[in-house]
Amino acid sequence: MRKTARIAGAAAALFLCILFSGCSREPIFRQDYMLDTIVTVTIYDKQEEEILAGCMELGRRYEEMFSRTKEGSDIWRINHANGQPVEVSEETVSLLHTAIDYCAKSEGCYDITIGAVSELWDFHSDPPSVPDEEAVAKALETVDYRNIQIDGNRVALLTPGAQLDLGSIAKGYIADRMRDYLASNGVQSAVLDLGGNIYVLGGKPDGGDFRVGIQSPFNQSQLGTVLVRDKSLVTSGVYQRSFTVDGKRYHHLLDISTGYPVENGLASVTVVTDQSVDGDALSTILFCLGEEKGMELADRLGIAAVFVRENGELVQTAGMGLS
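Residues numbered from 1 in each chain as written. Predicted model: local features only at pLDDT ≥ 70, side-chain atom pairs only at ≥ 80, totals over all residues. Heavy atoms only, no water.

Asks: I'm lost on the overall build of the protein in this one. Help?
Replies: Scanning the protein from N- to C-terminus turns up eight helices and 17 strands. Contacts in the protein between residues far apart in sequence, at least 24 positions, make up 64% of those at least 6 positions apart. When the accessible surface of the protein is summed, it comes to about 14400 Å², and 45% of that surface belongs to carbon and sulfur atoms. (Helix = DSSP H or I, 4+ residues; strand = E, 2+ residues; numbered from the N terminus. Contact = heavy atoms within 4.5 Å. Areas by Shrake-Rupley, 256 points an atom, 1.4 Å probe, with all protein chains shown as cover.)

Next up, the structure:
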């Protein structure tokens, strides 16, 4: 039987912070801007700067594969091939297969061919503007993940005008590969933060679990904490990328049926998973499904999750352990 906890409090946690108390040695870290966010890698049990540098370089290499906007990337070339097959890396194919699998599991609310729609929403423009309804409707006609054709390492989009957008899953995949790199270099205690997409490698050097706090974006207060090791925590929420026009807030989590932001009473969803690629996709899917269907899917998959309503109430699965 599902067990939930309801906690009144501030509105959604949109980024995650690590509480560093109890770490016995001074950590080393490196921070850089990539993947359209600030990426921070912190190592606790080794003082080897070259490992940090290699981890960051790996992240940049994957960005060159998966970015929708970087000219020459695998995804850019697929999107600009006018339906012709494009040869891409094995890792791009692997990520596409994983993403397509989640598209199929999502009850139609998650689709990585939403690129033509998401391109209409510019959350960096000043002043911001809401896309034209006719343009949104036309872009929606290109959305159907079933029209992605993969033959070996060759990928084609069979729908004219279709575009891939892996923004909802690529950071998770990259976090997992950066974790693997650190582990292969003997790192046993580290934290990867890819703009709120967090992976905790091992535990603290003193043997304890890391305590991760889910933090309110409004007043810096914490909504709660969880103890984790070798886990990923990912949040999808309405305040990560958004703008307000004529008193109405528009955010980046788009409804596949309308092409406009999802409106279902949720402010965010945070999930805890073993693999960050799963958490990245699932946080988006659970948010878009809404609280009731999202909780059902989380329970069915055995995923720990916390849903934050727009009024600030929290509802969590029994396995979340937010305290």
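After that view of the structure, there is still more to cover.
Asks: Would you take a moment to explain the sheet that holds strand 7 (residues 154-157) for this structure?
Replies: The antiparallel open sheet is built from three strands, whose spatial order is 5-7-6. Whereas interior strands pair on both sides, the edge strands pair on one side only; in this sheet they are strand 5 (86-87) and strand 6 (148-151). Helix-sheet contacts for helix 3 (residues 90-105) involve strand 6 and strand 7, and the interaxial angle to strand 6 is about 135 degrees. (Pairing = 2+ DSSP bridges. Axes fitted to C-alpha atoms, helices over the stretch in contact; angles between N-to-C directions.)

Asks: Is there a simple way to think about helix 6 (residues 170-184) in this case?
Replies: Counting along an α-helix, one turn takes 3.6 residues, and residues three or four places apart therefore face a common direction. Between its terminal C-alpha atoms helix 6 stretches 21 Å, which fits the 21 Å expected from 15 residues at 1.5 Å a residue. Among all positions in helix 6, only Ala 170, Lys 171, Gly 172, Tyr 173, Ile 174, Ala 175, Asp 176, Met 178, Arg 179 and Leu 182 are buried. In this structure, the buried residues of helix 6 make contact with strand 4 (37-43), helix 1 (49-66), helix 3, strand 8 (189-194), strand 9 (197-202) and helix 7 (276-289). Just beyond helix 6, the residue with positive phi is Gly 186, at close to 85 degrees. (Expected span 1.5 Å × (residues − 1). Buried < 20%, exposed > 50% of the residue type's maximum accessible area, 1.4 Å probe, protein only.)

Asks: What's the story with the nonpolar core in this structure? I'm lost.
Replies: Generally speaking, a soluble globular protein has its nonpolar side chains buried in company with each other. If you look at the biggest cluster of nonpolar residues, it comprises 72 residues, and the most contacted ones within it are Ile 78, Tyr 110, Ile 112, Ile 169, Met 178 and Leu 182. In this structure, Leu 182 is in contact with Val 41, Ile 43, Ile 51, Cys 55, Val 187, Ala 190, Leu 192 and Leu 201, ignoring residues within four places of it in sequence. In this structure, Val 191, Val 200, Val 212 and Val 228 belong to the second largest nonpolar core, which totals 18 residues. (Core = buried A, V, L, I, M, F, W, Y, C linked by side-chain atoms within 4.5 Å.)

Asks: Would you explain the side chain of Ser 67 in this entry?
Replies: For Ser 67, the location among the structural elements is in the loop between helix 1 and helix 2 (74-79). Reaching out from Ser 67, the side chain makes a polar contact with the backbone nitrogen of Thr 69 at a distance of 3.2 Å. Each residue touching Ser 67, except ones within four places of it in the same chain, is listed here: Ser 73, Ile 75 and Trp 76. (Polar contact = N/O pair within 3.5 Å; in protein donor to acceptor, adjacent residues only side chain to side chain.)

Asks: I tried to follow the pattern of salt bridges on my own but got confused; where do I start?
Replies: Oppositely charged side chains may form a pair once their charged atoms are brought near each other. Within the structure shown, the criterion is met by 20 salt bridges. Linking Glu 91 and Arg 61 is a salt bridge whose minimum nitrogen-to-oxygen distance equals 3.9 Å. Pair noted here: Glu 91 is in helix 3 and Arg 61 is in helix 1, with a separation of 30 residues, a long-range link. Taking relative accessible area as the criterion, Arg 61 reaches 39% and is therefore assigned partly exposed. As a salt-bridge pair, Arg 177 and Asp 180 come within 3.0 Å of each other at their nearest N and O atoms. (Salt bridge = Lys/Arg side-chain N within 4 Å of Asp/Glu carboxyl O.)

Asks: Could you clarify how one ought to interpret the environment of Glu 90 in this entry?
Replies: By secondary structure assignment, the location of Glu 90 is in helix 3. For Glu 90, a relative accessible area of 62% translates into the label exposed. Along the primary structure Glu 90 and Asn 153 are separated by 63 residues, whereas in three dimensions their C-alpha atoms are 6.2 Å apart.

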